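Residues per chain are reported as follows:
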Amino acid sequence: MVNVLRFNDVTYLRNRRPILNGINWTVEDSQRWVILGPNGAGKTTLLKLATANDYPTTGTVDVLEKRLGRVDIFELRNRLGFVSSATARRIPANEIVRDLVLTAAYSVEGRWNEHYDDIDVRQAERILAEWDLGNLADNTFGTLSDGERKRALIARAVMTDPEVLLLDEPSASLDLGARERMLQMLSGFAQSPSSPAMIMVTHHVEEVPPGFTHVLMLRDGQIQAAGPIADTLTAENLEATFGMPFGLTVQDGRYAAIARP
Ligand SMILES: Nc1ncnc2c1ncn2[C@@H]1O[C@H](COP(=O)(O)OP(=O)(O)OP(=O)(O)O)[C@@H](O)[C@H]1O
(Lines give C-alpha, C1' and ligand atoms only; values in the text may rest on other atoms or scores of the structure.)
Protein backbone atom coordinates (compact mmCIF):
# COMPACT_ATOMS: atom_id res chain seq x y z
CA MET A 1 0.00 0.00 0.00
CA VAL A 2 1.26 3.45 -0.96
CA ASN A 3 -0.01 6.73 0.47
CA VAL A 4 -0.54 8.80 -2.63
CA LEU A 5 -1.53 11.83 -0.56
CA ARG A 6 -1.12 12.83 3.05
CA PHE A 7 -2.30 16.19 4.37
CA ASN A 8 -1.22 16.79 7.94
CA ASP A 9 -2.91 19.67 9.78
CA VAL A 10 -2.93 21.81 6.63
CA THR A 11 -3.93 25.44 6.68
CA TYR A 12 -3.93 27.66 3.58
CA LEU A 13 -4.35 31.38 4.20
CA ARG A 14 -4.99 34.14 1.67
CA ASN A 15 -5.37 37.76 2.82
CA ARG A 16 -5.18 36.36 6.37
CA ARG A 17 -8.35 34.36 5.68
CA PRO A 18 -8.22 30.56 6.10
CA ILE A 19 -9.28 29.02 2.77
CA LEU A 20 -8.37 25.59 4.14
CA ASN A 21 -8.19 24.95 7.86
CA GLY A 22 -7.02 21.95 9.88
CA ILE A 23 -7.10 19.49 6.98
CA ASN A 24 -5.99 15.95 7.83
CA TRP A 25 -6.51 13.57 4.92
CA THR A 26 -4.83 10.45 3.59
CA VAL A 27 -5.43 8.78 0.22
CA GLU A 28 -4.17 5.27 -0.48
CA ASP A 29 -3.42 3.93 -3.95
CA SER A 30 -6.44 1.61 -4.07
CA GLN A 31 -8.90 4.37 -3.18
CA ARG A 32 -11.12 6.55 -5.38
CA TRP A 33 -12.21 9.75 -3.62
CA VAL A 34 -14.99 12.21 -4.36
CA ILE A 35 -14.57 15.73 -2.96
CA LEU A 36 -17.98 17.25 -2.43
CA GLY A 37 -18.88 20.72 -1.23
CA PRO A 38 -20.61 23.98 -2.07
CA ASN A 39 -19.16 26.87 -4.11
CA GLY A 40 -16.22 28.45 -2.35
CA ALA A 41 -15.69 25.54 0.08
CA GLY A 42 -12.02 25.18 -0.92
CA LYS A 43 -12.21 22.14 -3.24
CA THR A 44 -10.11 23.62 -6.02
CA THR A 45 -7.58 24.90 -3.49
CA LEU A 46 -7.33 21.40 -2.04
CA LEU A 47 -6.62 20.07 -5.57
CA LYS A 48 -4.01 22.79 -6.12
CA LEU A 49 -2.06 21.45 -3.15
CA ALA A 50 -2.65 17.82 -4.14
CA THR A 51 -1.27 18.52 -7.64
CA ALA A 52 1.80 20.33 -6.27
CA ASN A 53 0.63 23.61 -7.78
CA ASP A 54 0.83 25.47 -4.45
CA TYR A 55 2.11 25.03 -0.91
CA PRO A 56 0.28 24.99 2.43
CA THR A 57 0.69 28.01 4.72
CA THR A 58 1.13 25.69 7.70
CA GLY A 59 1.12 21.91 8.04
CA THR A 60 2.57 19.45 5.54
CA VAL A 61 1.44 17.90 2.25
CA ASP A 62 3.05 14.69 1.01
CA VAL A 63 2.30 13.76 -2.61
CA LEU A 64 3.39 10.25 -3.64
CA GLU A 65 5.36 10.17 -0.37
CA LYS A 66 7.33 13.32 -1.25
CA ARG A 67 7.01 16.38 0.97
CA LEU A 68 5.98 19.56 -0.88
CA GLY A 69 8.72 22.13 -0.42
CA ARG A 70 11.47 19.51 -0.39
CA VAL A 71 10.99 17.90 -3.80
CA ASP A 72 11.33 18.87 -7.46
CA ILE A 73 7.68 19.63 -8.20
CA PHE A 74 8.12 19.28 -11.97
CA GLU A 75 9.30 15.71 -11.58
CA LEU A 76 6.43 15.05 -9.17
CA ARG A 77 3.80 16.55 -11.51
CA ASN A 78 4.92 14.15 -14.26
CA ARG A 79 3.65 11.33 -12.06
CA LEU A 80 0.16 12.88 -11.72
CA GLY A 81 -2.73 13.15 -14.17
CA PHE A 82 -4.78 16.31 -13.71
CA VAL A 83 -7.75 17.55 -15.71
CA SER A 84 -9.57 20.80 -15.00
CA SER A 85 -11.36 23.40 -17.09
CA ALA A 86 -8.04 25.30 -17.24
CA THR A 87 -6.41 22.28 -18.95
CA ALA A 88 -8.81 22.60 -21.91
CA ARG A 89 -7.93 26.26 -22.39
CA ARG A 90 -4.27 25.37 -23.00
CA ILE A 91 -5.01 23.05 -25.94
CA PRO A 92 -4.77 24.62 -29.42
CA ALA A 93 -8.07 24.36 -31.34
CA ASN A 94 -6.29 22.76 -34.32
CA GLU A 95 -4.72 19.95 -32.27
CA ILE A 96 -5.70 16.51 -33.67
CA VAL A 97 -7.27 14.32 -31.00
CA ARG A 98 -4.94 11.37 -31.66
CA ASP A 99 -1.90 13.64 -31.33
CA LEU A 100 -3.30 15.23 -28.18
CA VAL A 101 -3.28 11.81 -26.51
CA LEU A 102 -0.06 10.55 -28.09
CA THR A 103 2.01 13.63 -27.26
CA ALA A 104 1.24 13.20 -23.56
CA ALA A 105 3.83 10.42 -23.56
CA TYR A 106 6.38 13.03 -24.62
CA SER A 107 5.09 15.85 -22.36
CA VAL A 108 4.35 18.28 -25.16
CA GLU A 109 1.21 19.93 -26.45
CA GLY A 110 1.19 20.20 -30.24
CA ARG A 111 2.83 17.59 -32.45
CA TRP A 112 6.08 18.56 -34.13
CA ASN A 113 8.47 16.03 -35.59
CA GLU A 114 8.85 13.56 -32.78
CA HIS A 115 9.34 9.94 -33.59
CA TYR A 116 6.74 7.91 -31.73
CA ASP A 117 7.42 4.38 -30.56
CA ASP A 118 4.98 1.70 -31.75
CA ILE A 119 4.18 0.83 -28.16
CA ASP A 120 3.04 4.42 -27.49
CA VAL A 121 0.99 4.53 -30.70
CA ARG A 122 -0.75 1.28 -29.71
CA GLN A 123 -1.37 2.54 -26.19
CA ALA A 124 -2.87 5.80 -27.55
CA GLU A 125 -5.21 3.81 -29.85
CA ARG A 126 -6.29 1.61 -26.93
CA ILE A 127 -6.97 4.61 -24.70
CA LEU A 128 -8.84 6.46 -27.46
CA ALA A 129 -11.11 3.44 -27.85
CA GLU A 130 -11.50 3.05 -24.08
CA TRP A 131 -12.73 6.68 -23.76
CA ASP A 132 -14.99 6.30 -26.83
CA LEU A 133 -12.91 8.63 -28.99
CA GLY A 134 -11.97 6.15 -31.74
CA ASN A 135 -14.26 7.83 -34.29
CA LEU A 136 -13.03 11.28 -33.35
CA ALA A 137 -9.29 10.56 -33.39
CA ASP A 138 -8.69 12.45 -36.65
CA ASN A 139 -10.83 15.46 -35.68
CA THR A 140 -9.42 18.65 -34.21
CA PHE A 141 -9.88 19.49 -30.54
CA GLY A 142 -11.70 22.74 -31.42
CA THR A 143 -14.51 20.86 -33.18
CA LEU A 144 -15.29 18.55 -30.23
CA SER A 145 -18.32 18.99 -27.97
CA ASP A 146 -17.72 19.79 -24.29
CA GLY A 147 -18.24 16.16 -23.31
CA GLU A 148 -15.88 14.89 -26.01
CA ARG A 149 -13.24 17.45 -24.96
CA LYS A 150 -13.41 16.32 -21.38
CA ARG A 151 -13.02 12.68 -22.42
CA ALA A 152 -10.10 13.62 -24.68
CA LEU A 153 -8.35 15.41 -21.80
CA ILE A 154 -8.85 12.46 -19.48
CA ALA A 155 -7.51 10.14 -22.21
CA ARG A 156 -4.45 12.40 -22.48
CA ALA A 157 -4.01 12.35 -18.69
CA VAL A 158 -4.13 8.55 -18.45
CA MET A 159 -1.73 8.12 -21.40
CA THR A 160 1.23 8.74 -19.08
CA ASP A 161 0.13 6.00 -16.62
CA PRO A 162 -0.21 8.47 -13.74
CA GLU A 163 -0.01 7.21 -10.17
CA VAL A 164 -3.01 9.36 -9.27
CA LEU A 165 -5.66 10.87 -11.52
CA LEU A 166 -7.24 14.12 -10.30
CA LEU A 167 -10.35 15.51 -11.99
CA ASP A 168 -11.91 18.88 -11.23
CA GLU A 169 -15.62 18.70 -12.08
CA PRO A 170 -15.39 16.38 -15.11
CA SER A 171 -19.21 16.37 -15.57
CA ALA A 172 -19.79 20.11 -15.21
CA SER A 173 -21.65 21.71 -18.15
CA LEU A 174 -22.43 18.38 -19.84
CA ASP A 175 -25.91 17.55 -21.11
CA LEU A 176 -27.73 14.60 -19.55
CA GLY A 177 -26.54 12.06 -22.13
CA ALA A 178 -22.94 13.28 -22.09
CA ARG A 179 -22.93 13.32 -18.28
CA GLU A 180 -24.24 9.76 -18.09
CA ARG A 181 -21.66 8.61 -20.63
CA MET A 182 -18.90 10.30 -18.66
CA LEU A 183 -20.14 8.71 -15.42
CA GLN A 184 -20.21 5.26 -17.01
CA MET A 185 -16.63 5.65 -18.19
CA LEU A 186 -15.38 7.03 -14.90
CA SER A 187 -17.19 4.25 -13.10
CA GLY A 188 -15.59 1.59 -15.31
CA PHE A 189 -12.17 3.15 -14.89
CA ALA A 190 -12.61 3.45 -11.12
CA GLN A 191 -13.50 -0.23 -10.84
CA SER A 192 -10.49 -1.48 -12.74
CA PRO A 193 -7.81 -2.75 -10.34
CA SER A 194 -5.11 -1.54 -12.73
CA SER A 195 -6.33 2.07 -12.49
CA PRO A 196 -4.46 4.58 -10.37
CA ALA A 197 -5.86 6.29 -7.28
CA MET A 198 -8.54 8.81 -8.29
CA ILE A 199 -9.71 12.09 -6.79
CA MET A 200 -12.69 13.83 -8.32
CA VAL A 201 -14.24 17.16 -7.34
CA THR A 202 -17.97 17.65 -7.83
CA HIS A 203 -20.85 19.77 -6.54
CA HIS A 204 -23.49 17.10 -7.06
CA VAL A 205 -24.11 13.69 -5.47
CA GLU A 206 -25.78 12.67 -8.77
CA GLU A 207 -22.31 12.88 -10.36
CA VAL A 208 -20.66 10.37 -8.04
CA PRO A 209 -19.64 7.44 -10.27
CA PRO A 210 -20.35 3.97 -8.85
CA GLY A 211 -17.02 2.43 -7.90
CA PHE A 212 -15.77 5.50 -6.05
CA THR A 213 -14.88 4.29 -2.60
CA HIS A 214 -14.49 7.37 -0.38
CA VAL A 215 -15.89 10.87 0.04
CA LEU A 216 -14.48 14.02 1.59
CA MET A 217 -17.09 16.68 2.37
CA LEU A 218 -15.80 20.22 2.65
CA ARG A 219 -17.45 23.41 3.91
CA ASP A 220 -15.78 26.77 4.53
CA GLY A 221 -12.34 25.20 4.20
CA GLN A 222 -12.98 22.54 6.82
CA ILE A 223 -13.70 18.85 6.54
CA GLN A 224 -17.27 18.08 7.62
CA ALA A 225 -16.91 14.35 7.04
CA ALA A 226 -14.46 12.01 5.31
CA GLY A 227 -14.36 8.25 4.93
CA PRO A 228 -15.84 5.27 3.06
CA ILE A 229 -18.67 6.51 0.88
CA ALA A 230 -21.35 4.10 2.11
CA ASP A 231 -21.01 5.35 5.71
CA THR A 232 -20.10 8.96 5.01
CA LEU A 233 -22.35 10.13 2.17
CA THR A 234 -25.44 10.51 4.35
CA ALA A 235 -28.31 13.01 4.51
CA GLU A 236 -26.94 14.29 7.84
CA ASN A 237 -23.50 14.97 6.40
CA LEU A 238 -25.02 16.61 3.31
CA GLU A 239 -26.98 18.94 5.58
CA ALA A 240 -23.81 19.78 7.53
CA THR A 241 -21.93 20.41 4.28
CA PHE A 242 -24.52 22.35 2.26
CA GLY A 243 -26.40 23.95 5.18
CA MET A 244 -29.87 22.67 4.33
CA PRO A 245 -31.80 19.42 4.89
CA PHE A 246 -31.86 16.81 2.11
CA GLY A 247 -33.58 13.56 1.37
CA LEU A 248 -30.96 11.19 -0.06
CA THR A 249 -31.60 8.06 -2.10
CA VAL A 250 -29.21 5.46 -3.49
CA GLN A 251 -30.10 3.16 -6.35
CA ASP A 252 -27.68 0.86 -8.16
CA GLY A 253 -24.78 2.78 -6.66
CA ARG A 254 -26.11 6.16 -7.86
CA TYR A 255 -26.99 8.89 -5.36
CA ALA A 256 -29.73 11.52 -5.65
CA ALA A 257 -30.42 14.39 -3.24
CA ILE A 258 -33.55 16.53 -3.02
CA ALA A 259 -33.98 19.44 -0.60
CA ARG A 260 -36.45 18.70 2.19
CA PRO A 261 -39.01 21.41 2.89
N1 LIG B 1 -5.47 33.05 -4.29
C2 LIG B 1 -6.56 33.40 -3.62
N3 LIG B 1 -6.66 34.61 -3.02
C4 LIG B 1 -7.78 34.96 -2.33
N5 LIG B 1 -8.84 34.15 -2.18
C6 LIG B 1 -8.80 32.95 -2.76
C7 LIG B 1 -7.66 32.48 -3.49
N8 LIG B 1 -7.92 31.24 -3.95
C9 LIG B 1 -9.14 30.93 -3.50
N10 LIG B 1 -9.68 31.94 -2.81
C11 LIG B 1 -11.01 31.96 -2.14
O12 LIG B 1 -11.06 30.76 -1.40
C13 LIG B 1 -12.37 30.22 -1.39
C14 LIG B 1 -12.30 28.79 -1.89
O15 LIG B 1 -12.00 28.78 -3.29
P16 LIG B 1 -11.97 27.44 -4.14
O17 LIG B 1 -11.84 27.86 -5.56
O18 LIG B 1 -10.95 26.53 -3.58
O19 LIG B 1 -13.42 26.87 -3.84
P20 LIG B 1 -14.24 25.73 -4.57
O21 LIG B 1 -14.80 24.85 -3.48
O22 LIG B 1 -13.42 25.06 -5.60
O23 LIG B 1 -15.39 26.58 -5.23
P24 LIG B 1 -16.25 26.31 -6.59
O25 LIG B 1 -17.06 25.10 -6.30
O26 LIG B 1 -17.10 27.54 -6.71
O27 LIG B 1 -15.30 26.14 -7.72
C28 LIG B 1 -13.21 31.14 -2.27
O29 LIG B 1 -13.92 32.01 -1.42
C30 LIG B 1 -12.18 31.89 -3.09
O31 LIG B 1 -12.64 33.18 -3.42
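See the structure above.
Residues numbered from 1 in each chain as written. Predicted model: local features only at pLDDT ≥ 70, side-chain atom pairs only at ≥ 80, totals over all residues.

Asker: Which residues make up the site of the ligand, and what values go with them?
Answerer: Taken together, the neighbourhood of the ligand is formed by Arg-14, Asn-15, Ile-19, Gly-37, Asn-39, Gly-40, Ala-41, Gly-42, Lys-43, Thr-44, Thr-45 and His-203. With three residues, the top contributor of residues to the shell around the ligand is helix H1 (residues 43-50). A per-class count over the shell around the ligand returns two nonpolar, eight polar and two charged. (Near = placed C-beta within 6 Å. Helix = DSSP H or I, 4+ residues; strand = E, 2+ residues; numbered from the N terminus. Nonpolar A, V, L, I, M, F, W, Y, C, P; charged D, E, K, R; others polar.)

Asker: How would you sum up the environment of Pro-209? Please name residues and give values.
Answerer: Considering the arrangement of structural elements, one finds Pro-209 in the loop between strand E8 (197-202) and strand E9 (214-219). You can call Pro-209 buried: it has 24 C-beta atoms within 10 Å. Taking C-alpha positions, Pro-209 is 8.9 Å from Met-182, a pair spaced 27 residues apart along the chain. Setting aside residues no more than four positions away along its own chain, Pro-209 makes contact with Leu-183, Leu-186, Ser-187 and Ala-190. (Buried ≥ 20, exposed ≤ 12 C-beta atoms within 10 Å, placed from the backbone. Contact = placed C-beta atoms within 7 Å.)

Asker: Provide a residue-level description of the sheet that holds strand E1 (residues 3-14), including the pertinent values.
Answerer: If you trace the four strands from one edge of the open sheet to the other, you get E2-E1-E4-E5, paired in antiparallel fashion. Sheet topology places strand E2 (17-28) and strand E5 (66-67) at the edges, where each strand pairs with a single neighbour. Examined bridge by bridge, E1 and strand E4 (residues 58-63) share five bridges and lie antiparallel to one another. Paired with Leu-5 across the strands is Val-63, a residue of E4. (Pairing = 2+ DSSP bridges.)

Asker: Tell me what's going on with the sheet that holds strand E3 (residues 32-36), and back it up with residues and numbers.
Answerer: Read from one edge of the open sheet, six strands run E6-E7-E8-E3-E9-E10, paired in mixed fashion. Either end of the sheet is taken by a strand with one partner, and the two such strands are strand E6 (80-83) and strand E10 (222-228). With strand direction ignored, the average angle separating the axes of adjacent strands in the sheet is 15 degrees. Sheet topology note: the strand E7 (residues 164-168)/E8 ladder contains five bridges and is parallel. Its bridge partner being in E8, Leu-166 is matched across the sheet by Ile-199. With respect to the sheet, helix H6 (residues 146-159) is in contact with E6 and E7, its orientation differing from that of E6 by roughly 170 degrees. (Axes fitted to C-alpha atoms, helices over the stretch in contact; angles between N-to-C directions.)

Asker: For helix H9 (residues 235-242), give the residues involved together with the corresponding values.
Answerer: All of the buried residues along H9 are Asn-237, Leu-238, Thr-241 and Phe-242. Projected down its long axis, H9 carries its buried residues within an arc of 115 degrees, all on one side. Tucked inside the fold, the buried residues of H9 contact E3, E9, E10, helix H8 (229-232), strand E11 (246-251) and strand E12 (254-259). Backbone geometry just downstream of H9 places Gly-243 in the positive-phi region, at approximately 75 degrees. (Arc of directions from axis to C-beta.)

Asker: An account of the environment of Val-97 is requested, with residue identities and associated values reported.
Answerer: Turning to its location among the elements, Val-97 is positioned in helix H4 (residues 97-102). The class of Val-97 is buried, set by 27 C-beta atoms lying within 10 Å. Spatially, the C-alpha atom of Val-97 lies 32 Å from that of Glu-28, the residues being 69 residues apart in sequence. Setting aside its immediate chain neighbours within four residues, Val-97 contacts Leu-133, Leu-136, Ala-137, Asn-139, Phe-141 and Ala-152.

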